[in-house]
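Here is how the chains run, residue by residue.
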Amino acid sequence: MGAETSGREPALRELVREAETSLLECKVCFERFGHRQQRRPRNLPCGHVVCLACVAALAHPRTLALECPFCRRACRGCDTSDCLPVLHLLELLGSALRPAPAAHRSAPCGPGTLICHHAFGGWGTLVNPTGLALCPKTGRVVVVHDGERRVKIFDSGGGCAHQFGEKGDAAQDIKYPLDVTVTNDCHVVVTDAGDRSIKVFDFFGQIKLIIGGQFSLPWGVEITPQNGVVVTDAEAGSLHLLEVDFLEGVLRRTERLQAHLCSPRGVAVSWLTGAIAVLERPLALGTGVCSTTVKVFSASMQLIGQVDTFGLSLFFPSKITASAVTFDYQGNVIVADTSSQAVLCLGKPEEFPVLKPIITHGLSHPVALTFTKENSLLVLDSAAHSVKVYKVDWG
């Protein structure tokens, strides 16, 4: 009896392997189906089955139209549905096909759920804030907003330590600030839509440099580990790197890193890898509705990850409108979503899209994000006119 049982075990293992190859593998990307969102098996209306990631890759970004890669029958991404027989088979085979234990695999997304620790600012202190940055040297928080003095600097406890940047028409005034960053040597860089310029101040508010006439609409701005300034031009559809002598107040060099972007706005730089994330907000043709695309480029400006509104909608129950982007210290891409008032982790660029909500409550209109050295996440909530401080809960 024992010999008979042992004789059946190799045959059973072979049967499992055949099932895995023939039934549990997407025939487009040849990845095994699974319960995790991008690997979920999806029925096309024609009856063929592909994984959710391939549905997203095959669908047109605006119309969502796609063709079955096997029979060429046309359909839309929203016409697909979970393939329940394959999901049930995954359950039945269970441990025979289960991946390695989680302890031996890297987590697809760094932070767990974030808990709001405290908030500061509020109406009157901040008025319709648009940009947020952290001073690398002092840890102070810098916010640009629509108040009489456009730049507010807060201490680590949330008290207002300093403010500058008069609202006015003089060249050194700030007419309509969109974003802000702080250099490694504590200079404050502001994009001003009012006169389409970039303005550099020292940390006490003295103007050091005005860069005008070079941009159609400078929008997002971020500092690099080498103290360069990366800026998006929303109207020109481009991404630029500025080399500035901040002490002398001189622009040394301008380099266009990318062209042909679609209304690029937010930008973030990973200090771990040097990767650059750009948030595009193009208008869907004929609808007047904004979609969003997150593109991530390597330090050598090769595209290494991309996901758009449709791709994200396959993983999240409601429409996602990304309004801000940043990297955490593990290299994960984090975005703010104004449609669901949430903050989402997209995972590392090479894993796109691995979507994990990390903040789902307590936000009204998040427009900017940044991590502190203590790994707290600062969220600028424009509707609440405040900065909200979230602590990482790894439990």
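Throughout, a residue's number is its position along its own chain's written sequence, starting from 1. With pLDDT at 70 or above as the cut-off, local features in this predicted model cover only qualifying residues; side-chain atom pairs require 80 or more to be listed or tallied, and sums for whole chains, interfaces and linings still use all residues. Hydrogens and waters are ignored; side-chain quantities use all the structure's heavy atoms.

- As annotated in an unreviewed UniProt entry, the protein chain is E3 ubiquitin-protein ligase NHLRC1 from Rhinolophus ferrumequinum.
- The Pathway (unreviewed entry) field of the UniProt record for the protein chain holds the comment "Protein modification; protein ubiquitination."
- UniProt positions are given in the numbering used here, feature names are shortened, and annotations may be inferred rather than shown by experiment. Of the protein chain, the UniProt comment under Catalytic activity (unreviewed entry) reads exactly: "S-ubiquitinyl-[E2 ubiquitin-conjugating enzyme]-L-cysteine + [acceptor protein]-L-lysine = [E2 ubiquitin-conjugating enzyme]-L-cysteine + N(6)-ubiquitinyl-[acceptor protein]-L-lysine."

## A word on the UniProt feature "repeat: NHL" (unreviewed entry) in the protein chain
Here is step 1: When the UniProt feature table is mapped onto this chain numbering, "repeat: NHL" (unreviewed entry) sits at residues 115-157, 161-204, 212-245, 248-300 and 361-393.
Here is step 2: Runs of E in the DSSP output that reach at least two residues are strands. Runs of H or I that reach at least four are helices, and both are numbered from the N terminus. Secondary structure content for residues 212-245 is 0% helix and 56% strand, while the C-alpha to C-alpha distance between its ends is 16 Å.

## Side note on the sheet that holds strand β18 (residues 250-258)
Here is step 1: Two strands are said to pair when DSSP picks up at least two bridges between them. If you walk across this open sheet you meet the four strands as β15-β16-β17-β18, and the pairing is antiparallel. Because the sheet does not close on itself, it has two edges, and the strands there are β15 (218-223) and β18. The sheet shows a mean angle of 25° between the axes of neighbouring strands, direction not considered.
Here is step 2: Of the strand pairs in this sheet, strand β16 (residues 229-233) and strand β17 (residues 238-245) are connected by five bridges, and their pairing is antiparallel. Axis lines are fitted through C-alpha atoms, for helices just across the contact stretch, and the angle between N-to-C directions can take any value from 0 to 180 degrees.

## Side note on the sheet that holds strand β23 (residues 322-327)
Here is step 1: Reading across from one edge, β23-β24-β25-β26 is the order of the four strands in this open sheet, with antiparallel pairing throughout. Edge strands, defined here as strands with exactly one partner in the open sheet, are β23 and β26 (356-359). Along the sheet, successive strands turn relative to each other by an average axial angle of 30°, direction set aside.
Here is step 2: Looking at chain direction, strand β24 (residues 333-337) and strand β25 (residues 342-347) are connected through five bridges and run antiparallel. Bridge pairing in β25 links D337 to A342.

## Quick notes on the state of the cysteines
Covalent bonding between the sulfur atoms of two cysteines is what defines a disulfide.
Here is step 1: Here, a disulfide means two cysteine sulfur atoms that sit within 2.5 Å of each other. Within the structure shown, the criterion is met by zero disulfides.
Here is step 2: In this structure C46 is a free cysteine whose sulfur lies 3.6 Å from that of C68, the closest cysteine sulfur available.
Here is step 3: When accessible area is computed with a 1.4 Å probe and restricted to protein chains, residues below 20% of their type maximum are described as buried, those above 50% as exposed, and intermediate ones as partly exposed. Among the residues examined, C68 registers a relative accessible area of 0% and is labelled buried.

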